[in-house]
Amino acid sequence: MIEIEESSGNVYTDLGTPDSNEMRVKSQLAAKIGEIIKARHLTQIQASEILRLSQPKLSEMLRGKFRGISEAKMMECLLLLGRDVQIVVKSAPRSRKEGRLDVVFN
């Protein structure tokens with residue numbers, strides 16, 4: 001019999017990663033950066049020049065190895081790719097004690 005466990009919605013939390021919320025946000029930002037690079041038909045070398053990252057660092061980020069890249073740097077990459085980034089702070093619903101960090105793409 002196969003055991004099935006319901007996900008929390010964050011694979012990093014499910015795996016017990018200590019900085020799971022940060023890793024989830026970084027994965028979403030990296031995926032968006034990759035999507036934009038692909039849509040613009042950029043090579044990794046072209047993209048790395050635009051993003052001011054080395055090509056190996058960009059390659060690692062796009063493969064999910066982004067521990068050495070800050071969320072701020074990833075947001076800067078989105079700016080350099082012609083995207084606006086907004087940070088909105090609002091009250092959490094009363095049903096939760098703590099706030100939640102979400103990435104929303106339009």
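Residues numbered from 1 in each chain as written. Predicted model: local features only at pLDDT ≥ 70, side-chain atom pairs only at ≥ 80, totals over all residues. Heavy atoms only, no water.

Describing the side chain of Ser 48
Residue position: Ser 48 is located in helix H3 (residues 44-51). The buried category is assigned to Ser 48, whose relative accessible area is 8%. In terms of polar contacts, Ser 48 uses its side chain to reach the backbone carbonyl oxygen of Ile 45, at 2.8 Å. The contacts of Ser 48, once residues within four sequence positions are left out, are Leu 53, Ser 54, Gln 55 and Leu 58. (Helix = DSSP H or I, 4+ residues; strand = E, 2+ residues; numbered from the N terminus. Buried < 20%, exposed > 50% of the residue type's maximum accessible area, 1.4 Å probe, protein only. Polar contact = N/O pair within 3.5 Å; in protein donor to acceptor, adjacent residues only side chain to side chain. Contact = heavy atoms within 4.5 Å.)

Things to note about helix H2 (residues 20-39)
Its 20 residues place the ends of H2 29 Å apart at the C-alpha level, agreeing with the 28 Å of an ideal helix rising 1.5 Å per residue. Those residues of H2 that fall on the buried side of the exposure criterion are Ser 20, Met 23, Arg 24, Val 25, Lys 26, Leu 29, Ala 30, Lys 32, Ile 33, Ile 36 and Ile 37. (Expected span 1.5 Å × (residues − 1).)

Some points on the side chain of Ser 20
Structurally, Ser 20 can be placed in helix H2. Sequence-distant contacts of Ser 20, defined by excluding residues within four places in its chain, comprise Asn 10, Tyr 12 and Thr 13.

A closer look at unusual backbone geometry
Glycine aside, residues mostly have negative phi angles, and peptide bonds mostly take the trans form. You will see that His 41, though not glycine, has its phi angle at about 55°, which is positive. Within the fold, His 41 resides in the loop between H2 and H3. A relative accessible area of 71% places His 41 in the exposed class. Located in the positive-phi region is Arg 52, a residue other than glycine, with phi close to 60°. Structurally, the position occupied by Arg 52 is in the loop between H3 and helix H4 (55-62). Residue Arg 52 is classed as exposed on the basis of its relative accessible area, which comes to 58%.

Observations regarding the UniProt feature "domain: HigA2-like helix-turn-helix" (unreviewed entry) in the chain
Those residues carrying the UniProt feature "domain: HigA2-like helix-turn-helix" (unreviewed entry) are residues 11-90 in this numbering. The straight-line gap between the two end C-alpha atoms of residues 11-90 is 25 Å; of that span, 62% is helix and 0% is strand. (UniProt positions renumbered as here; feature names shortened; annotations may be inferred.)

Some details on the pattern of salt bridges
Proximity of charged atoms lets side chains of opposite charge pair with each other. This structure, assessed with the given rule, holds six salt bridges. Here Lys 32 makes a salt bridge to Glu 35, at a shortest N to O gap of 2.9 Å. Here Lys 32 pairs with Glu 35, and both are found in helix H2, just three residues apart, close to one helical turn. By relative accessible area, Lys 32 is classed as buried at 16%. One salt bridge in this structure joins Glu 76 and Lys 73, with 3.3 Å as the shortest N-O distance. Placement of both Glu 76 and Lys 73 in helix H5 (residues 71-80) is noted, with a separation of three residues, approximately one turn of the helix. Glu 76 sits in the partly exposed class, given a relative accessible area of 30%. (Salt bridge = Lys/Arg side-chain N within 4 Å of Asp/Glu carboxyl O.)

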